[in-house]
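Spelled out, the chains give:
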Amino acid sequence: MTKVLVLYYSSYGHIEKMAEAVAEGARSAGADVTVKRVPETVPEDVARGAHFKLDQAAPVATVAELPEYDAIIFGAPTRFGVFASQMRAFLDQTGGLWAQGKLVGKVGSAFTSSATQHGGQESTILTFHPTLLHHGMVVVGLPYAYAGQMGVDEIKGGSPYGASTIADGDGSRQPSEADLAGARYQGAHVAKIAAKLAS
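- An unreviewed UniProt entry annotates the protein as NAD(P)H dehydrogenase (quinone) of Camelimonas lactis.
- You can read under Sequence similarities (unreviewed entry) in the UniProt record for the protein the words "Belongs to the WrbA family."

Right, dumping it as structure tokens:
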């Protein structure tokens, strides 16, 4: 069975919710899916003062376990057009895996959130790609076969680079059904490609 890791960082729960949808999609394609998060680097008192969601159920991942999976789908919110530093700090610890080629040929994919429609969703996902390519991973996005990302009938995330959602400046907007459907589609799409590569 294809093993997929959904690895995320979420400050306020939007990416956590998207990660659950990505995992649901990957499971629907027959994958054995694990959902984990990267460690929080913000001091707890600061995180509480900023109203971070600190009750997330997903266990914290370790760098050493990454080679166990056929695909890794990364999720993190945007920070000034790039992904959050908590995820960057985690990925910066993967040099040993890189030196040994431990992730070469595995599937890598990414999803994100931002406060506004033009808050850097596409650039954030694109900032994942250099790291994935340096590791020799096969980069997979969210193809337009998922038609839910098209049209202007409502505010919606999603691009060919990956699923996304828009949280609004105060975090009040939760992922819409279109956003979650895109995340599920991406999870299933990645799992299917990983299964083909693994065979």
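### Some points on the overall build of the protein
In step 1: From N to C terminus, the protein includes 6 helices and 8 strands.
In step 2: When its helices and strands are written in sequence order, the protein yields β-α-β-α-β-β-β-α-α-β-α-β-β-α.
In step 3: For 199 residues, the compact-globule formula gives about 16 Å, and the C-alpha radius of gyration of the protein, at 16 Å, lands near that figure.
In step 4: Taking the principal axes of the C-alpha coordinates as reference, the protein spans close to 45 × 40 × 25 Å.
In step 5: Considering the protein as a whole, with its 199 residues, one finds that 49% of them fall into the buried category.
In step 6: Within the protein, contacts between residues at least 6 apart in sequence are counted, and of these 76% link residues at least 24 apart.
In step 7: Accessible surface computed for the protein: about 9,000 Å², of which carbon and sulfur atoms make up 56%.
In step 8: Computed over 16 positive and 19 negative side-chain charges, the separation of the two mean positions in the protein equals 6 Å.

### What to know about the UniProt feature "binding site: FMN" (unreviewed entry) in the protein
In step 1: UniProt's feature table lists "binding site: FMN" (unreviewed entry) at Ser10, Ser11, Tyr12, Gly13, His14, Ile15, Thr78, Arg79, Phe80 and His134, given in the numbering used throughout. Across 125 residues of sequence, these annotated residues are also dispersed in space, with a maximum C-alpha separation of 29.8 Å.
In step 2: Here serine 11 lies in the loop between strand E1 (3-8) and helix H1 (14-28).
In step 3: The class of serine 11 is buried, set by a relative accessible area of 3%.
In step 4: The residues contacting serine 11, other than those within four sequence positions of it, are Phe52, Lys53 and Arg79.
In step 5: A distance of 2.9 Å separates the side chain of serine 11 from the side chain of tyrosine 9, its partner in a polar contact.

### As for the nonpolar core
In step 1: Counting residues in each nonpolar core, the largest one holds 27 residues, and the members touching the most others are Val4, Val6, Val33 and Phe111.
In step 2: Only E1, H1, strand E3 (71-75), strand E6 (107-114) and helix H6 (177-198) provide two or more residues apiece to this core.
In step 3: Considering every element that reaches this core, the biggest residue donor is H1, with 7 residues.
In step 4: Residue contacts for phenylalanine 111: discarding those within four places in its chain leaves Val6, Ile15, Met18, Ala19, Val22, Ile73, Phe74, Gly75, Ala76, Ile125, Ala163 and Gln186.
In step 5: Within the second largest apolar cluster, 25 residues are counted, among which are Leu5, Ala61, Leu91 and Met137.

### Some words on the pattern of salt bridges
In step 1: Tallying each qualifying case throughout the model produces 8 salt bridges.
In step 2: Between glutamate 65 and lysine 36 there is a salt bridge, and its shortest N-O distance comes to 2.9 Å. Taken together, the residues span a long stretch of sequence, with glutamate 65 in the loop between helix H2 (44-49) and E3 and lysine 36 in strand E2 (residues 32-37) at a distance of 29 residues.
In step 3: One salt bridge in this structure joins arginine 88 and aspartate 92, with 2.9 Å as the shortest N-O distance.
In step 4: For arginine 88, a relative accessible area of 28% gives the class partly exposed.
In step 5: Overall, the relative accessible area of 54% leaves aspartate 92 in the exposed class.
In step 6: Among the charged side chains, a network of salt bridges with common partners joins Glu16, Lys53 and Asp55.

### Remarks on the pairing of E1
In step 1: Taken across its 6 residues, E1 has 5 buried, putting it largely inside the fold.
In step 2: Both E1 and E2 contribute to a ladder of 6 bridges, which runs parallel. Residue pairing for E2: tyrosine 8 is matched across the bridge by arginine 37.

Rules of the game
The numbers attached to residues start from 1 for each chain and follow its sequence in the written order. Local features in this predicted model are restricted to residues whose pLDDT is 70 or higher, and side-chain atom pairs enter the listing and the counts only when it is 80 or higher, whereas totals over whole chains, interfaces and linings include all residues. Calculated side-chain values reflect all of the structure's heavy atoms, with hydrogen atoms and water omitted. UniProt positions are given in the numbering used here, feature names are shortened, and annotations may be inferred rather than shown by experiment. In DSSP terms, a helix is any run of H or I states spanning at least four residues, a strand is any run of E spanning at least two, and both are numbered starting from the N terminus. For this measure, only C-alpha atoms enter the radius of gyration; the expected value for a globule follows 2.2 Å times N^0.38, where N is the number of residues. The rule is simple: take the accessible area with a 1.4 Å probe, protein chains only, and divide by the maximum for that residue type; under 20% is buried, over 50% is exposed, in between is partly exposed. By definition in these notes, contact holds between two residues if any of their heavy atoms fall within 4.5 Å. Here the open area of atoms and residues is found with the Shrake-Rupley method and a 1.4 Å probe, where only the protein chains shown may cover a residue. Within this scheme the basic residues Lys and Arg register as positive and the acidic residues Asp and Glu register as negative, but His and the chain ends are omitted. Where a charge lies is defined by one atom per residue type: Lys uses NZ, Arg uses CZ, Asp uses CG and Glu uses CD. Any N or O atom pair separated by 3.5 Å or less is treated as a polar contact, with the protein-specific requirement of one donor-capable and one acceptor-capable atom, and with residues adjacent in sequence counted only for side-chain atom pairs. Definition used in this section: a nonpolar core is a set of buried Ala, Val, Leu, Ile, Met, Phe, Trp, Tyr and Cys residues joined via side-chain atoms within 4.5 Å. Should a side-chain nitrogen of Lys or Arg be within 4 Å of a carboxyl oxygen of Asp or Glu, the pair is scored as a salt bridge. Here, a strand pair is defined by DSSP locating no fewer than two bridges between the strands.

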